[in-house]
Structures are given as structure tokens and as C-alpha cells.
Amino acid sequence: MVPASQLRQAARTAGALGLRATALAPALREALNGTDGDTTPALDTDTALAEALWRVTGDADGVVAVLDSVFARAEQNPWSRWSVVRAARTTALLGPAGRPLAPRLEAALDDPARAPAAVLALTAVAEPASLDRTSLAEAALRSAESDADPAGACDALEALGPDALTCDHVRRLAALADGDERVIRSGVEDRVIREDEALRSRARILLTACTEPAAP
């Protein structure tokens, strides 16, 4: 049996080739039949194979089915939060074709580590009018404030746009930008400082977008 790490690398290589790797599609589908279970390697391998199939074939139905299976199996694995993040990021690539996965993404919003990727995916796949952007902004802010995925939270807030933020959200964003306490609290000391300053810079840019006057 091919190790999961080699399958993921092969999937990334095939995906990078895009349509030029069409002849590899049967092998990618066969590899999917060889993965099973709810372990992190199995989930991540299926996600990588699904992404490769999307890039190579554009087969939305097949890819959605694989990702739906990944989300479902991840519910059985308490260590799967980052596997869900990776599946959400792949879902975002599908655009509106990934709309059937919106309920899976919504289920991830309560976890601060998963929320930013889920928010980004929802903005990519869901019907825009169906999105509660204020609630999505709340989920992203909670992620940043808890040091779960601060960089991803900034990406999510940027995608949502300033109109999604309430006055309270803006106040909390200002605290992230210029508060006394560091937001990034774990890691190697010098890296923590750099990452915290990078987050503050992102937060200031977002804050400026929220507070600058609208164009006439």
C-alpha cells in the first residue's frame, strides 16, 4: 500500500498540472477507493485527492461527495480540527459548485480554530443573500481573540468586508490592533513577537477600511 504522505504528494503534483494531468484522473479515483477511516492521515489524503480531481477534471459532484465524506468522518475524530480546516479550504476552491457543503461549513463555525476557514469557504460557495455576515464576522473575531487562527481570521474579515462589522466588532478589532496585551501568545519567543506585530498590522488595515468615509 502506498503511504498516505506519498499519495498526498502525488495528488499535489497532479493538481498542479491541472488539465494536463487528465490521464491521471482514473488513478486519483482509484487512490480514493484505497483510503478509509477517520484518522487524520486518511482525512487529509482524501482532501488532497479531492482537490487534485477538481483541478484536473472539474468534476464537482464527485469532489463534493468526497469532501462531504471527509467532513462526516471528521466528526468521529476529536483530533480532526485541522483536517476540517483543510477540507474547508478545498471546498472554497469549488466556488458555487461547493454549495451543497454549506451545512458542513456552518457546523464548523463554533470552533475558533475551524471558523476562519469555514467563513472563507462560505463566502465562496454560499448564496450571498443567505449569509449572515455579522454572525460570520463574530466567529472570525472570536478566532483571532482566542489565538486560534488569527491570520485566517483576518483573511475571513477581509473577505466579509467592513459592512459585516458592528460597532462592537470595530471596537474589538481596535483592541486587536492597538491593545496592550499580545494576541499571539504561544510559540517561539522571537516568532511570537513577529507574528503578533504582523497581526496588529493586518488589524489596523482592516480597521482603516471600517472607519474611512464611504466614497461619494
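Quick notes on the rules
For every chain, the first residue of the written sequence is number 1, and numbering continues from 1 onward in sequence order. Note on the predicted model: pLDDT of at least 70 is required for a residue's local features to be given, and 80 or more for side-chain atom pairs to be given and counted; whole-chain, interface and lining totals, by contrast, use all residues. Excluded from the side-chain calculations are hydrogens and water; all other atoms, namely the structure's heavy atoms, are used. Here the nonpolar core consists of buried residues drawn from Ala, Val, Leu, Ile, Met, Phe, Trp, Tyr and Cys, with membership extended through side-chain atoms lying within 4.5 Å. The classification of residues rests on relative accessible area computed with a 1.4 Å probe and restricted to protein chains. Under 20% of the type maximum is buried, over 50% is exposed, and intermediate values are partly exposed. It only takes one pair of heavy atoms within 4.5 Å for two residues to be counted as in contact. Counted as salt bridges are all cases of a side-chain nitrogen of Lys or Arg within 4 Å of a carboxyl oxygen of Asp or Glu. Each helix corresponds to a stretch of at least 4 residues labelled H or I by DSSP, and each strand to a stretch of at least 2 residues labelled E; elements are numbered beginning at the N terminus. Helix span, expected: 1.5 Å multiplied by one less than the number of residues in the helix.

### Things to note about the nonpolar core
- Core analysis: the largest hydrophobic core is formed by 62 residues, its most contacted members being L105, L122, L157 and L173.
- Beyond its immediate chain neighbours, meaning those up to four positions away, L157 contacts A137, A140, L141, L165, L173 and L206.

### Concerning the pattern of salt bridges
- For the coordinates displayed, the defined rule picks out 18 salt bridges.
- With its nearest N and O atoms 3.0 Å apart, the salt bridge here joins R55 to E51. Of this pair, R55 and E51 are both found in helix α3 (residues 40-57), four residues apart, which corresponds to roughly one turn of the helix.
- With its nearest N and O atoms 3.3 Å apart, the salt bridge here joins D111 to R114.

### A word on helix α4 (residues 60-74)
- An ideal rise of 1.5 Å per residue puts 21 Å on 15 residues; α4 measures up with 21 Å between its terminal C-alpha atoms.
- Among the residues making up α4, those that are buried are A60, V63, V64, V66, L67, V70, F71, R73 and A74.
- On its buried face, α4 is in contact with α2 (25-33), α3, α5 (81-93) and α6 (102-107).

### Quick word on the environment of A108
- Position of A108 relative to the elements: it lies in the loop between α6 and α7 (115-125).
- A residue is classified by how much of its surface remains accessible, and A108, at 5% relative accessible area, is buried.
- Residue contacts for A108: discarding those within four places in its chain leaves V84, R114, A115 and A118.

### What to know about the environment of A4
- On the secondary structure map, A4 appears in helix α1 (residues 4-17).
- Here the alpha-carbon distance between A4 and T45, two residues 41 residues apart in the chain, equals 6.2 Å.
- If near-sequence neighbours (up to four positions away) are discounted, A4 is found in contact with P41 and T45.

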